[in-house]
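# Close look at the chain arrangement
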Amino acid sequence: MNKSVAVLTIALLFGVGGIYAYSSGLTIKKPTAQQKSPINRKDQSRKIYKGLGNQNDPKIPEAAAKSKGDFRTEIEIGLQTLEPFAPQFNLRDMLKGRSCEADAIVIATIKSETSFLTEDETFLYTNHNVVVNEVIKDNPAATLQADDKIIVSRSGGTITLNGKKVYAVNKSALPLQLNKRYLLFLTYLPERGTYVADNISYLLENNKIFKTTAGPLPKPLESENEAEAFIQGVRIVVNEDCPNTQGGNQ
């Protein structure tokens, strides 16, 4: 049986957000609050559990209840801001920033997953049960080794509410696939004992990397680049450029 799908789209354009709800031809547009100041990586990661952060955002249970069929909500990719005087992209500098900021970097396999409503019920997040295959950068706050099992959280997911499927897709952080191997840049949240996967993490398949974001990336970070060379670049950066960190298995 074909079911209609109501869609809610959250678009972030040049830092100004708009919410568009589509159901039976109705369009509703509401502004969201602009981000006023930068926040640190752990606080940014915690946001995936909290939700969209605006009390006026539609609640998923209410929106799904009004839908005639299954319900889908999306966070779109914001438009890129052009910086004419920005320095030329340098892969090592990018990997240094990404790797040194991460609490841990692992190659791991996704074994199972469970999705949940965010605290404000405006979006979903998914907890993935993950088996570590290789530790590239260890987490001194909770040491990792091969074959360890950890929980990795990610924005988005799928749940069932009152017999209806609810799909939440964050196009900046596409879903991780079961039984697939990934290179994961992780932020550790000690109060939960979980990790949050950076948007720029990679599916590893057929010795190629495949990005986990729908947004455009510089060519060296795009899908289809050679996996082992990219991973080795991360290992080198961790061992040579990141102070006070421990590289894992080589």
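Residues numbered from 1 in each chain as written. Predicted model: local features only at pLDDT ≥ 70, side-chain atom pairs only at ≥ 80, totals over all residues. Heavy atoms only, no water.

Time to look at the nonpolar core. Residues Ile105, Ile136, Leu183, Tyr202, Leu204, Phe230 and Val234 are the most contacted members of the largest nonpolar core, which totals 21 residues. Looking at this core, the elements that each hand over two or more residues are helix H3 (91-101), strand S5 (104-117), strand S10 (181-189), strand S12 (202-205) and helix H4 (227-241). For this core, the element with the most residues is H4, which contributes six residues. Setting aside its immediate chain neighbours within four residues, Ile105 contacts Ser99, Glu134, Val135, Ile136, Lys137, Leu183, Leu184, Phe185, Val234 and Val238. Ranked by size, the runner-up nonpolar core spans 18 residues in total, among them Val132, Val152, Leu184 and Tyr188. (Core = buried A, V, L, I, M, F, W, Y, C linked by side-chain atoms within 4.5 Å. Buried < 20%, exposed > 50% of the residue type's maximum accessible area, 1.4 Å probe, protein only. Helix = DSSP H or I, 4+ residues; strand = E, 2+ residues; numbered from the N terminus. Contact = heavy atoms within 4.5 Å.)

This part covers the confidence of the model for the protein chain. Looking at the protein chain as a whole, its pLDDT mean stands at 83, while 78% of the residues score no less than 70. Considering only residues more than four positions removed or in separate chains, one finds that residues 10-38, a stretch of pLDDT under 50, has 59 contacts. (pLDDT = per-residue confidence, 0-100.)

A word on the packing of aromatic side chains. Applying the stated criterion across every chain yields a total of four aromatic pairs. Consider the rings of Tyr202 and Phe230, whose centres lie 5.1 Å apart with planes at 65°: the pair is edge-to-face. Of this pair, Tyr202 sits in strand S12 while Phe230 sits in helix H4, and the two are 28 residues apart along the sequence. Under the relative-accessibility criterion, Tyr202 is labelled buried at 0%. Judged by relative accessible area, which is 6%, Phe230 ranks as buried. Over the face of the ring belonging to Tyr49 we find Arg192, whose NZ or CZ atom lies 3.6 Å from the ring centre. (Phe/Tyr/Trp six-rings, centres within 6.5 Å; stacked < 30°, edge-to-face > 60°. Lys NZ or Arg CZ within 6 Å of the ring centre and 35° of its normal.)

On the secondary structure map, Ser155 appears in strand S7 (residues 149-155). Accessibility expressed as a relative area gives 13% for Ser155, which makes it buried. Every residue in contact with Ser155, bar those within four places of it in the chain, is listed here: Ile48, Phe123, Leu124, Tyr125, Asn170 and Ala173.

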